[in-house]
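Structural features, examined
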Amino acid sequence: MKKTMTILAFLATFPAGAALADDDCFAPMADWQPRDAVVQLAEQNGWTVSRIKIDDGCYEIDGTDVQGRRVEVKLHPATLQVLEIEFENGEDGRSRQDREGDNHE
């Protein structure tokens, strides 16, 4: 009975953990693009970089876009695919755009 309860408790928490893992990037460090490639991608998109950091295994660029808005861009470290863009949206605060192009406010 004790073993059954342990298994049930694990299964009850497993889906929640799997949903949280969607935000993380999983790539071996050997496959990561160098920071210079991240800077080059930012320049190609007109972003001015103030900081590049690693968050949840992903590259994250903090900076400004061509319109001067503060922007956070989350990139997959191996492919440099843009996973999410957050930018300040004037008086309304922050707005998020994920890889599908949906706006979330």
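Let us look at the structure shown here.

Thresholds, definitions, all that
Residues numbered from 1 in each chain as written. Predicted model: local features only at pLDDT ≥ 70, side-chain atom pairs only at ≥ 80, totals over all residues. Heavy atoms only, no water. Helix = DSSP H or I, 4+ residues; strand = E, 2+ residues; numbered from the N terminus. Buried < 20%, exposed > 50% of the residue type's maximum accessible area, 1.4 Å probe, protein only. Contact = heavy atoms within 4.5 Å. Salt bridge = Lys/Arg side-chain N within 4 Å of Asp/Glu carboxyl O. Polar contact = N/O pair within 3.5 Å; in protein donor to acceptor, adjacent residues only side chain to side chain. Core = buried A, V, L, I, M, F, W, Y, C linked by side-chain atoms within 4.5 Å.

As for the overall build of the protein chain
- When helices and strands are counted, the protein chain shows 2 helices and 6 strands.
- Listed by position from the N terminus, the elements making up the protein chain come as α-α-β-β-β-β-β-β.
- Scored against the burial criterion, the 105 residues of the protein chain give a buried share of 27%.
- Considering only intrachain contacts with a sequence separation of at least 6, the fraction spanning at least 24 residues in the protein chain is 25%.

Comments concerning the pattern of salt bridges
- Here the structure, examined in full by the defined rule, presents 3 salt bridges.
- For Arg-69, the salt bridge goes to Asp-65, with nearest N and O atoms at 2.8 Å.
- A relative accessible area of 28% places Arg-69 in the partly exposed class.
- For Arg-70, the salt bridge goes to Glu-88, with nearest N and O atoms at 3.8 Å.

Observations regarding the side chain of Asp-65
- With respect to the secondary-structure elements, Asp-65 resides in the loop between β2 (58-64) and β3 (70-75).
- Here Gln-67 takes part through its backbone nitrogen, which lies 3.0 Å from a polar atom of the side chain of Asp-65.
- When residues no more than four places from it in sequence are discounted, the contact partners of Asp-65 are Gly-46, Trp-47 and Val-71.

A few points about the nonpolar core
- Core analysis: the biggest nonpolar cluster contains 14 residues, and Val-38, Tyr-59, Ile-61, Val-73, Leu-75 and Leu-80 have the highest contact counts within it.
- Elements that contribute at least two residues to this core include exactly α2 (35-44), β2 and β3.
- Ranked by residues supplied to this core, first place goes to α2 with 4 residues.

Section: the environment of Trp-47
- When you line up the elements, Trp-47 lands in the loop between α2 and β1 (48-55).
- Among the residues examined, Trp-47 registers a relative accessible area of 12% and is labelled buried.
- The spacing of Trp-47 and Gly-63 is 16 residues in sequence and 6.6 Å in space, taken between C-alpha atoms.
- When residues no more than four places from it in sequence are discounted, the contact partners of Trp-47 are Ala-42, Ile-61, Thr-64, Asp-65, Val-73, Val-82 and Ile-85.

Brief notes about unusual backbone geometry
- Within the chain, Asp-56 stands out as a residue other than glycine whose phi angle is a positive 55°.
- With respect to the helices, strands and loops of the structure, Asp-56 is situated in the loop between β1 and β2.
- The phi angle at Leu-80 is positive, at roughly 60°, despite the residue not being glycine.
- When you line up the elements, Leu-80 lands in the loop between β3 and β4 (82-88).

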